[in-house]
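This is what each chain is made of:
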Amino acid sequence: MELLNDLFFDYTLRTVAMGTAILGLVSGALGAFAFLRQQSLVGDAISHAALPGVVLAFMLTGLKGPLALMSGAAVAGIAGVLFVIAVTRLTRLKQDSALGIILSAFFGFGLMLLTFLQRNPDARQAGLNHFLFGQAATLLERDVMMMGVFGAAAVGLMLLFWKELKLLSFDRDFGASLGFPMTALEVLITLLLVIAIVIGLQAVGVILMSAMLVAPAAAARQWTDRLGVMVLLAALFGAAAGVVGTLLSSLGAGLSTGPVIVLCISVIALVSLLLAPNRGIVWTWLRNRRHAILATGLMGRG
Amino acid sequence: MSASLEIQLIAVTAATGCALVGVFLVLRSMAMMADAISHTVLLGIVLIFFIVQDLQSPWLLIGAAAMGLLTVSLVEALNRTKLVKQDAAIGLVFPALFSLAVILISRYARGVHLDVDMVIMGELALAPFDRVTIFGLDLPHALATLSAILLINIVFILVFYKELKLSTFDPALAAAFGFSPALLHYGLMALVSVTAVGAFDAVGAILVVALIVTPAASAYLLTDDLRKMLLLSVAIGAGSALAGYWLARLLDANIAGSMATMTGVVFLIVFVLAPQRGVLTQLRRQALQRWRFAQTMLIIHLLHHEGAPDAAVECRAEHLQAHLRWQPDFAAQVIRDAERSGAVHQERGLLRLTDHGRRLAEAAMVR
Amino acid sequence: MNTHLPVATTSAAIEVTDMTVAYGDKPVLWDVDLETPPGVLMAVVGPNGAGKTTLIKAILGLVPAAAGQVLIHGKPYHAQRQRVGYVPQRGSVDWDFPTSVLDVVMMGRYGRLGWFRRPGKAERDLAMQALEQVGMAEYAQRQISQLSGGQQQRVFLARALVQDADVYFMDEPFQGVDAMTERAIVDLLKGLRSAGKTVVVVHHDLQTVSEYFDWVTLLNVRCVASGPVSQVFTDENLRKTYGGRIAFVGRANNAEPTPGRISTPAPAIGV
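Residues numbered from 1 in each chain as written. Chains lettered and ligands numbered in written order. Predicted model: local features only at pLDDT ≥ 70, side-chain atom pairs only at ≥ 80, totals over all residues. Heavy atoms only, no water.

A.B. asks: Explanation requested: the overall build of chain A in the structure shown.
C.D. replies: Counting secondary structure elements, chain A contains 15 helices and 0 strands. For a compact globule of 302 residues, the expected C-alpha radius of gyration is about 19 Å, and chain A comes in at 21 Å, within 12% of that figure. Overall size of chain A, expressed as C-alpha extent along the three principal axes, is 85 × 55 × 35 Å. Taken over 302 residues, chain A has a buried fraction of 60%. At a minimum sequence separation of 6, the contacts of chain A that also span at least 24 residues come to 71%. In the form shown here, chain A has an accessible surface area of approximately 11,600 Å², with 71% of it arising from carbon and sulfur atoms. (Helix = DSSP H or I, 4+ residues; strand = E, 2+ residues; numbered from the N terminus. Rg over C-alpha atoms; globule rule 2.2 N^0.38 Å. Buried < 20%, exposed > 50% of the residue type's maximum accessible area, 1.4 Å probe, protein only. Contact = heavy atoms within 4.5 Å. Areas by Shrake-Rupley, 256 points an atom, 1.4 Å probe, with all protein chains shown as cover.)

A.B. asks: Is there a simple way to think about the packing of helix 2 (residues 31-52) of chain B against helix 3 (residues 58-80) of chain B in this case?
C.D. replies: For any two helices packed against each other, one specifies the inter-axial angle together with the distance between the axes. All names here are of chain B. As a packed pair, helix 2 and helix 3 sit with axes 7 Å apart at the nearest point and diverge in direction by 135°. Here helix 3 runs oblique to helix 2, going by the angle between their axes. The handedness of the crossing between helix 2 and helix 3 is right-handed. Across the interface between the two elements, Met 33, Ala 36, Ile 37, Thr 40, Val 41, Leu 43, Gly 44, Ile 45, Leu 47, Ile 48, Phe 49 and Val 52 of helix 2 pack against Trp 59, Leu 60, Gly 63, Ala 64, Met 67, Gly 68, Thr 71, Val 72, Val 75 and Glu 76 of helix 3. Looking at the contact of helix 2 with helix 3, its residues break down into 16 nonpolar, 5 polar and 1 charged. (Axes fitted to C-alpha atoms, helices over the stretch in contact; angles between N-to-C directions. Parallel < 35°, antiparallel > 145°, perpendicular 65-115°, else oblique. Left-handed = near helix turned anticlockwise from the far one by under 90°. Nonpolar A, V, L, I, M, F, W, Y, C, P; charged D, E, K, R; others polar.)

A.B. asks: Even after reading the chapter, I still don't get the interface of chain A and chain C, so can you show me in this structure?
C.D. replies: The accessible area lost on association of the parts is a frequent measure of interface size. Residue-level contacts link 28 residues of chain A with 34 residues of chain C. Of the roughly 2,800 Å² buried between chain A and chain C, counting both surfaces, carbon and sulfur atoms make up 63%. Considering only the side of chain A, the residues that lose the most area to chain C are A:Lys163, A:Phe170 and A:Phe174, jointly responsible for 28% of the buried surface there. The residue A:Lys166 makes a salt bridge to C:Asp103 at a minimum N-O spacing of 2.5 Å. Taken together, the links from chain A to chain C amount to 13 residue pairs in polar contact (both at pLDDT 80 or more). Put simply, the parts of the chain that give the side of chain A that touches chain C at least two residues each are helix 8 (141-160), helix 9 (162-170), helix 10 (172-177) and helix 13 (227-251) of chain A. Considering every element that reaches the side of chain A that touches chain C, the biggest residue donor is helix 9 of chain A, with 7 residues. Considering only residue class, the side of chain A that touches chain C consists of 15 nonpolar, 4 polar and 9 charged. (Buried area = accessible area lost by both parts, 1.4 Å probe. Salt bridge = Lys/Arg side-chain N within 4 Å of Asp/Glu carboxyl O. Polar contact = N/O pair within 3.5 Å; in protein donor to acceptor, adjacent residues only side chain to side chain.)

A.B. asks: Help me out: how do you make sense of the confidence of the model for chain C in this one?
C.D. replies: Atomic detail in the predicted coordinates should be set aside for any region of low pLDDT. All names here are of chain C. The share of residues in chain C with pLDDT of 70 or more is 85%, and the mean pLDDT across the chain is 83. With pLDDT under 50 throughout, residues 1-9 is counted as low confidence; its partners more than four residues away or in other chains account for 9 contacts. Both scores are given for the predicted complex: the pTM is 0.87, the ipTM 0.91. (pLDDT = per-residue confidence, 0-100.)

A.B. asks: How should I be thinking about the interface of chain B and chain A in this particular structure?
C.D. replies: On the chain A side, the residues contacting the 59 residues of chain B number 53 residues. Considering only the surface of chain B that becomes buried against chain A, B:Met32, B:Leu83 and B:Asp87 emerge as the three largest contributors, covering 14% of it. For B:Asp224, the salt bridge identified is with A:Arg92, shortest N-O distance 2.7 Å. Counting across the interface, chain B meets chain A through 13 residue pairs in polar contact (both at pLDDT 80 or more). Every element with two or more residues in the side of chain B that touches chain A is listed here: helix 2, helix 4 (86-108), helix 5 (116-121), helix 10 (208-220), helix 11 (226-251), helix 12 (255-273) and helix 13 (279-305) of chain B. Of the residues belonging to the side of chain B that touches chain A, the class tally is 36 nonpolar, 14 polar and 9 charged.

A.B. asks: Even after reading the chapter, I still don't get the packing of aromatic side chains, so can you show me in this structure?
C.D. replies: Aromatic ring pairs are defined here through the distance separating the ring centres and the angle between the ring planes. Residue and element names in this part refer to chain B. Applying the stated criterion across every chain yields a total of 18 aromatic pairs over all chains. Centroid distance Phe 156 to Phe 160: 5.0 Å. Interplanar angle 50°. Geometry classified as tilted. Residue classification places Phe 160 among the partly exposed positions, given a relative accessible area of 33%. Taking the centre distance of 5.2 Å and the plane angle of 75° together, the rings of Trp 291 and Phe 330 count as edge-to-face. Of this pair, Trp 291 sits in helix 13 while Phe 330 sits in helix 16 (residues 328-340), and the two are 39 residues apart along the sequence. The class for Trp 291 is partly exposed, based on a relative accessible area of 27%. (Phe/Tyr/Trp six-rings, centres within 6.5 Å; stacked < 30°, edge-to-face > 60°.)

A.B. asks: I keep staring at the sheet that holds strand 4 (residues 67-72) of chain C and nothing clicks. Help me out?
C.D. replies: Across a sheet, paired strands are connected by hydrogen bonds in the backbone, their directions being either parallel or antiparallel. Ordered in space as 2-1-4-5 (chain C), the 4 strands form an open sheet in which the pairing is antiparallel. Every interior strand has two partners, whereas the edge strands, strand 2 (26-36) and strand 5 (75-76) of chain C, have only one. Across 2 bridges, the pairing between strand 4 of chain C and strand 5 of chain C is antiparallel. Within strand 5 of chain C, the residue paired with C:Ile72 across the bridge is C:Lys75. Across the face of the sheet, helix 13 of chain B comes into contact with strand 1 (14-23), strand 2 and strand 4 of chain C while running at roughly 35° to strand 2 of chain C. Against the sheet, helix 1 (residues 52-59) of chain C makes contact with strand 1, strand 2 and strand 4 of chain C, and its axis sits at roughly 115° relative to strand 1 of chain C, the strand it touches most. (Pairing = 2+ DSSP bridges.)

A.B. asks: Is there a simple way to explain the sheet that holds strand 9 (residues 215-220) of chain C in this structure?
C.D. replies: All names here are of chain C. Taking strand neighbours across the sheet as the criterion, the 6 strands line up as 6-7-8-3-9-10 in an open arrangement whose pairing is mixed. Of all strands in the sheet, those bounded by a partner on one side alone are strand 6 (84-87) and strand 10 (222-228). The mean angle between the axes of side-by-side strands here comes to 15°, regardless of whether they run parallel or antiparallel. Bridge count for strand 6 against strand 7 (residues 167-171) is 4 bridges, and the pairing is parallel. Looking at the pairing, Tyr 86 lines up with Phe 169 of strand 7.

A.B. asks: Before we go on, may I ask you to explain the environment of C:Asp187 in this structure?
C.D. replies: Residue and element names in this part refer to chain C. Looking at the element boundaries, Asp 187 is found in helix 6 (residues 179-194). Accessibility expressed as a relative area gives 46% for Asp 187, which makes it partly exposed. When the C-alpha positions of Asp 187 and Gly 39 are compared, they lie 15 Å apart, and in sequence the two are 148 residues distant.

A.B. asks: What's the story with the pairing of strand 7 of chain C in this structure? I'm lost.
C.D. replies: On a regular strand, each side chain points to the face opposite its neighbour's, so the side chains alternate between the two faces of the sheet. Residue and element names in this part refer to chain C. Counting buried positions along strand 7 gives 5 out of 5 residues, so the element sits mostly inside the fold. Along strand 7, one buried face is formed by Val 167, Phe 169 and Asp 171 and the opposite face, lined by Tyr 168 and Met 170, is buried too. Alignment of strand 7 against strand 8 (residues 198-202), held across 5 bridges, turns out to be parallel. Of the residues in strand 8, the one forming a bridge with Asp 171 is Val 202. In this fold, strand 7 hands off to helix 6, which returns the chain to strand 8; that crossover is right-handed. (Right-handed = clockwise from strand over helix to strand, strands pointing away.)

See the structure below:
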């Protein structure tokens, strides 16, 4: 109860909750497309690859402003994706190896830079450490503003290109035969994914950000058979997990917000996988059991 | 032994163990499973730590390995429900378990040696301070553990080499021969888990992936022979580890991060320069192929239209430019080369195949 | 523009000249020439790896061609997109995608709608009509994963129908469908032909070629023969296409199909 009270009246908490709601919403909606295109782990590579970008942006500009760090993260994330594409196209390595290489090598490089930077006492205060596991409490109003602007732009573009993105995700070849430039649309959806990830980094951190793309989509998919409903649900699940996770972590001293938010969305996903009508595991199990009982009953009579 | 030497030994031992199992993961397209396992073993360690309250206990290793296997089973079970695809299953399972571990550590294990920074970065620089005595030898604890794990890896691979090879390249045939692919699969996953826990001490959870996947992937671009690939992977892993150590010393930065960076640098070099499969070689080969391909296209085109009523149109240089989308310079060069090699000769602007050219074209068509 | 480009010299529905496609250094199609008159049902047959799917994809610009031109009713393909319909292989998409039958069929109108415009009532009506034509109207609101193989194929055909094209390319529409669906598809194809449309079908079952089609292209990396079934679907041409691997085939000159199948048809999936 007190928590809800705080949410309405505590200015800081309200700002932070706004921020995490935006991040959950955007990553949920865009993650749905990655999920459906079977690119769920690409987000993992992008978010890990963003770390050196954040650190380099700080080293070059000396600023901790959201725009500088977010641009750095975005550039590094895009570089990571390009590497993954180059490695899968030009070698016989499969995508999983390419993702593993990029996420670990980029992340390692970021960590090396980060620790190198932290030898310098000025930098230690910069709070770049928060980019590992996220610290929603460090979100300021200007950060949230920035998240809102970019998030709205990303979701707006997704809605604008809705029909074309659906075509891309369901039947790429057919879309190409209709004359839509499918490669350009792939670039677009990947850029939107990068935006979603970059928005989330400060609150969830580079290590767990990918879960915010996969889990809301996986949860939403179980409740509906319509793309529109699924994307909407994923956005709502993401936002709910963001807000609840932030509130919960504000109770425990020193808890990073990333793991708490991820645990929240994982619980939502688990419940959905188990209980969603028609598709859910429990549902399927009950149905199979009823069939089995019916079958044995019939046999008994026969 | 000096601390510096010990750290390097630990790094090389960890890298070697990882590089060995990595080969099979890369070949089986399961690299991201290594990512998942290396994260979730942490939960195994934390849970066992709560029970035994001792970070040195061998039970930690066993608990972690069990958690690795549990991760694999969970991913596979989720995949079997067909509710989500394999990639999403991995993306669901490991962040959940890892988050749980991180929360447990920060809530209940603060102040003990286990902390979140170590989870990510490892504490290689501190490894020499933690010592054990085995057979009268005073060794860093990490070195003893990692050597044991390396030994297990080597023995497993030597004993099951034939089976691993077969089940990696042809699981169906392996099953037909009576080797259970499932048993080998889980054996391998257990090995990955144990290796990840061991290396976890040295390099932290996430960078284990760098040591497992990247050297093996580099080796895969250098050779087709499994034996050579294993050796190359180990050499690259160990080399990157040493280079990373010295880079870290130079920059006064985190050792694990530098090691991962070096595996990436080596991969980049191999990716660009590898003799058979490097990008440069491929580009060169493609240019050559385009040339040869054009030659073959020319003679097949001529063969095709030889004696046909449209031959007078189809078999002219100008026509090739238009129809085969060749630039005039390129077409002229291709025709010159074909003439020089005696496959084609020109008569008043009309291209004709020689007998030699006709045989070549027919041979190219049959393939 | 290059004056050597072949301008509509004939009234062919599809004119392919010198089409060559290679994946890396492996040639998949060598110098294929094709001329298909309008209003025919054409089968493309050939052994596995002959490049049948590649031919269709190259015509549609889905795979880059090393050489060659495509004219659809006398104009380059990209200028005639609206007049071309495509049915990809059923297995090429994820049937667990969260969408309904009606929604998939409406995708056939996306090309006409162009960028940004959403399908509305007009599109829905056309899609319902097409579903009716393939006997799937009552499934309109179904999720696509709940369909049998034959039903999935009908949905794809309905999607092609709403494209309202003049030339259709279909990649193995008979793959894994039940006998009833196969019959229904054949009737549909013949209906298209009577409406003056040209239909190109990648086909596996040599036995039914004479029965279903009036035009055939025999393909094995290069084009062995192309023309009316009665003229080019001969033992000699089949031997040239399939090499020595052929035992009995339905001969063109006796319309009776003789027993024996070259390719094993996939087991039919019940409706």
